[in-house]
Amino acid sequence: MSMPMGGGGSGSMSMPMGGSSTSTSAPAAAAATPVSAPVNPLASSVDKAKVAAYCGNPDAAKTAACSVWKACQAAGDKAPAGICGSTAIAALACKPSVPVGAADLCAAYTATCSSDSTKCVNVGWPGMWSTDAVASGVDSICKEMPKMAGCDKCMPSVSATKGTTCAAFDTYAQLCNDMPGMSQCGGWTAMCASAPNAAATFPKLCDGEAMAAAKVTFNASAWTAASGSSSSSASTSPTATPKTGNGASSSVVFAATNAMLVVVAAVAVALA
């Protein structure tokens, strides 16, 4: 039996069972089948220089909006406009409130989108959690499992400082890539499920093997109600995320695997 170990499941561990060695390969990475999301003509209408100026601030650079902006720059031509366009990034930065240093960017976003609530439909990343919610998710995970890789970057003050002491969004993605079955990873599941070709476009945020293990695939319906960065997940408390859907499936898989390892260990001791 093989289990993905860390790094979104890049390694494996094999254990002999019943006198013979049986090995099962790690889950295959999420398929990069070309899919697309609706593209709003206004997705890139906000001046990109305003996004760059805001994200150039050291504290702003650690926010969810600017972490996505950085990932979008790395994605290049693969970056979907609905998620990576300048208006989409502004939507992430400016909702539900205008953060410090973003007045100029948010004024441009308001001028583009506020006159008609339908104008900026399908602009933003559906399911995306706010920086505060992500920081709370990191705090919850790392208090439960402080030895997880990445926790040392943010603890112990990530919640108190609302994520400004570290790149909480990047850390949250790292933690959920390593253990996608955690109940606090509902935001990661929603985010990766709503991004077309997420594993290929945003490999550091949505690891392909982790998505496969959690059975996370692209959900086009996430875009039907998308408007700006508004989402029921954006303000949801990470600790209140119910273990339903994909999250529940992956949690069951991890729990069953752990139980099997206990049995195997007991058999090995008995046979020794």
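Whatever comes next refers back to the structure up there.
About the cut-offs
- Residues numbered from 1 in each chain as written.
- Predicted model: local features only at pLDDT ≥ 70, side-chain atom pairs only at ≥ 80, totals over all residues.
- Heavy atoms only, no water.
- Salt bridge = Lys/Arg side-chain N within 4 Å of Asp/Glu carboxyl O.
- Helix = DSSP H or I, 4+ residues; strand = E, 2+ residues; numbered from the N terminus.
- Buried < 20%, exposed > 50% of the residue type's maximum accessible area, 1.4 Å probe, protein only.
- Disulfide = S-S within 2.5 Å.
- Polar contact = N/O pair within 3.5 Å; in protein donor to acceptor, adjacent residues only side chain to side chain.
- Contact = heavy atoms within 4.5 Å.

K.L.:
Break down the pattern of salt bridges for me, with residues and values.
P.N.:
In total, this model carries three salt bridges according to the counting rule given. Between Asp170 and Lys70 there is a salt bridge, and its shortest N-O distance comes to 2.9 Å. With Asp170 in helix α8 (residues 168-178) and Lys70 in helix α2 (residues 64-75), this residue pair connects regions lying 100 residues apart in the sequence. Note that Asp139 is salt-bridged to Lys143, the shortest N-O span being 3.1 Å. Taken as a pair, Asp139 and Lys143 lie in helix α6 (residues 131-144) at a separation of four residues, close to a single helical turn. By relative accessible area, which is 11% here, Asp139 ends up buried.

K.L.:
Quick one: what's the story with the state of the cysteines, residue by residue and with numbers?
P.N.:
Summed over all chains, the structure comprises seven disulfides. Sulfur-sulfur distance for the disulfide between Cys142 and Cys151 comes to 2.0 Å. Looking along the S-S bond of the Cys142-Cys151 disulfide, the torsion reads about -85°, which is the left-handed sense. Cys151 matches Cys142 in its accessibility class, with the two residues each being buried.

K.L.:
Now, about the side chain of Ser194: what can you tell me, with residues and values included?
P.N.:
Looking at the secondary structure, you find Ser194 in the loop between α9 (186-193) and α10 (198-201). Separated by 3.2 Å, the side chains of Ser194 and Trp125 make a polar contact. In contact with Ser194, other than residues within four places in its own chain, are Ile83, Trp125, Pro126, Phe218, Asn219, Ala222 and Trp223.

Taken by themselves, the reported measurements are silent on function.
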